[in-house]
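Listed below are the residues making up each chain.
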Amino acid sequence: MKTISIKGLHKPVSVLMKGSDYFYHDNYEKAAANLDAYFASGGNSIDTAHIYCGGQSEEVIGRYMQERGNRDEWVILTKGAHHNQDGPRVTASDIRSDITTSFEKLQTDFIDLYALHRDDPAIPVGEIVEALNEYVSAGSVGAIGVSNWTWQRIQAANEYAAANGLAGFSFSSPNLSLAKPNEPFWTGCVSADAETCAWHETEQLPLLSWSSQARGFFTGRFTPEIRDNADLVRVFYNDDNWERLERAKQLGASKGVSAIQIALAYVLNQPFPTCALIGAQSSEELRSCEEGALIELSSEELKWLDLSTDEL
């Protein structure tokens, strides 16, 4: 499987990252089998978070790595500082609380990639960068990044880090998919628009995309008339996205692959380093992702898929 490099981490990161937001104790055997199959395919990177499955996701991953004895072979991305019912939680104390819990649940003393799950623009970036650098300096975190931050806040944080001799953010994890959202899937979430992608291209900052396949929009199960998935209707139903779906079908047919594989390839063929977080839970879904990750798209094909040109 192809890999990318992330500054601060001395391991390659597979371009397909295994999602774990269905890892519960009562389906441990399924989660472990999914991880085994993903690892056998050449993947080595897993995405989790302090809040996933009420904390069970990290616990399941910790148990799995202990049982398999393969912690050093994995790249763990976990996230903290998600808001709660009282509002934002992106203070230094919130970060310390969440990361301490994550170390315990994952049963590890090293987190390869640590990201802040959300942002709070009211908190100066300097305070946040300083708090995270405690762990980078201690050698307990490899690289730091963010999820659902705007590129402007990332740039401000990295400028502060550079000016103060600190480690900056070396990756970002917003949503990026061929289908463009009408509104955030969850309040406060960030999707990479054209301006964000242009910034990533300039900076060559790796982007790790959640909902990289638009939550199944390109599977063929959905049409403008099928409206039983309220969230998908709210977020992705628009005329431009139906046209993108048609173009993905056409391009897929010409290459002998499916539309959803084209949608995955769109994410992985950007002009900057990318990974796609995948939710594959069956051998068929994993195989589809493996094949999609091998598809190469030209810049002209990317522009055509994204409706930037009508000529291919």
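See above for the structure.
Read on for an overview of the structure.

Reading the values: the criteria
Residues numbered from 1 in each chain as written. Predicted model: local features only at pLDDT ≥ 70, side-chain atom pairs only at ≥ 80, totals over all residues. Heavy atoms only, no water. Helix = DSSP H or I, 4+ residues; strand = E, 2+ residues; numbered from the N terminus. Contact = heavy atoms within 4.5 Å. Buried < 20%, exposed > 50% of the residue type's maximum accessible area, 1.4 Å probe, protein only. Disulfide = S-S within 2.5 Å. Axes fitted to C-alpha atoms, helices over the stretch in contact; angles between N-to-C directions. Parallel < 35°, antiparallel > 145°, perpendicular 65-115°, else oblique. Nonpolar A, V, L, I, M, F, W, Y, C, P; charged D, E, K, R; others polar. Phe/Tyr/Trp six-rings, centres within 6.5 Å; stacked < 30°, edge-to-face > 60°. Lys NZ or Arg CZ within 6 Å of the ring centre and 35° of its normal. Core = buried A, V, L, I, M, F, W, Y, C linked by side-chain atoms within 4.5 Å. 1 Å grid on protein atoms, 1.4 Å probe; cavity = no way out; pocket = protein on both sides within 12 Å on 5 of 7 lines; lining within 4 Å. Points joined across faces, edges and corners; volume = space filled by probe spheres on them.

### Let's talk about the side chain of R247
Moving on, step 1. Of note, R247 is situated in helix α8 (residues 239–255).
Moving on, step 2. Leaving out residues up to four positions away in the same chain, R247 has contacts with W304, L305, L307, T309 and D310.

### Notes on unusual backbone geometry
Moving on, step 1. Here N148, not a glycine, exhibits a phi torsion of approximately 65°, which is positive.
Moving on, step 2. Mapped onto the elements, N148 comes out in the loop between β7 (141–146) and α5 (151–163).
Moving on, step 3. Overall, the relative accessible area of 5% leaves N148 in the buried class.
Moving on, step 4. Positive phi values are uncommon outside glycine, yet A214 reaches one of about 55°.
Moving on, step 5. In this structure, A214 sits in the loop between β9 (207–209) and α7 (230–236).

### So, the state of the cysteines
Moving on, step 1. Here the structure, examined in full by the defined rule, presents zero disulfides.
Moving on, step 2. With no disulfide partner, C197 has as its closest neighbouring cysteine sulfur the one in C275, 15 Å distant.
Moving on, step 3. For C275, which is in no disulfide, the shortest distance to another cysteine sulfur is to C289 and amounts to 13 Å.
Moving on, step 4. Of the residues examined, C275 reaches a relative accessible area of 0% and is grouped as buried.

### Quick notes on the environment of A31
Moving on, step 1. Summarising the element assignment, A31 is placed in helix α1 (residues 28–40).
Moving on, step 2. Between the alpha carbons of A31 and H200 there is a distance of 33 Å; along the sequence they are 169 residues apart.
Moving on, step 3. Not counting residues up to four positions away in its chain, the partners in contact with A31 are F23 and V60.

### Re the packing of α5 against helix α6 (residues 194–203)
Moving on, step 1. The geometry of α5 relative to α6 is characterised by a closest axis approach of 10 Å and an angle of 30° between their N-to-C directions. Between α5 and α6, the angle is such that the two are roughly parallel. Touching W151, Q152, I154 and Q155 of α5 are E195, T196 and W199, all from α6.
Moving on, step 2. Along the lines of polarity and charge, the residues of the contact of α5 with α6 split into three nonpolar, three polar and one charged.

### Observations regarding the packing of aromatic side chains
Moving on, step 1. Counting across every chain of the model gives 13 aromatic pairs.
Moving on, step 2. Judged by centre distance (5.8 Å) and plane angle (45°), the ring pair of W186 and W210 falls under tilted. Taken together, the positions of W186 in the loop between β8 (169–172) and α6 and W210 in the loop between β9 and α7 put the pair 24 residues apart, joining distant regions of the chain.
Moving on, step 3. Measuring from centroid to centroid gives 4.8 Å for Y237 and W242, while their planes differ by 70°, and the two rings are edge-to-face. For the pair formed by Y237 and W242, the shared burial category is buried.
Moving on, step 4. Aromatic rings pair up to connect F217, F218, F236, Y237 and W242 into one cluster.
Moving on, step 5. Looking at R215, its charged tip hangs above the ring of F185, at a distance of 4.4 Å from the centre.
Moving on, step 6. The aromatic ring of F185 is capped on one face by R234, whose charged end is 5.7 Å from the ring centroid.

### Focus: the nonpolar core
Moving on, step 1. L16, L113, L116, L208, F217 and F218 are the most contacted members of the largest nonpolar core, which has 100 residues in total.
Moving on, step 2. The residues touching F218, leaving out its near neighbours within four places in the chain, are L178, A179, Q213, R244, L245, A248, A259, I260 and A263.

### Points about the layout of surface pockets
Moving on, step 1. Reported here for the largest pocket is a volume of approximately 1000 Å³.
Moving on, step 2. Among the elements of the structure, β10 (274–278) and α10 (283–292) are those that each provide at least two residues to the lining of the largest pocket.
Moving on, step 3. At four residues, the largest contribution of residues to the lining of the largest pocket is made by α10.
Moving on, step 4. Broken down by class, the residue content of the lining of the largest pocket amounts to 14 nonpolar, 16 polar and eight charged.
Moving on, step 5. Its volume calculated, the second largest pocket comes out at about 430 Å³.
Moving on, step 6. Lining the second largest pocket are 18 residues, and of these A194, C197, Y266, Q270 and D306 lie nearest its centre.
Moving on, step 7. Secondary structure elements with two or more residues in the lining of the second largest pocket: α6 and α11 (299–305).
Moving on, step 8. A per-element tally of the lining of the second largest pocket places α6 first, with four residues.
Moving on, step 9. Across the lining of the second largest pocket, the residue classes tally to nine nonpolar, four polar and five charged.

Read these as geometric descriptors, not functional statements.
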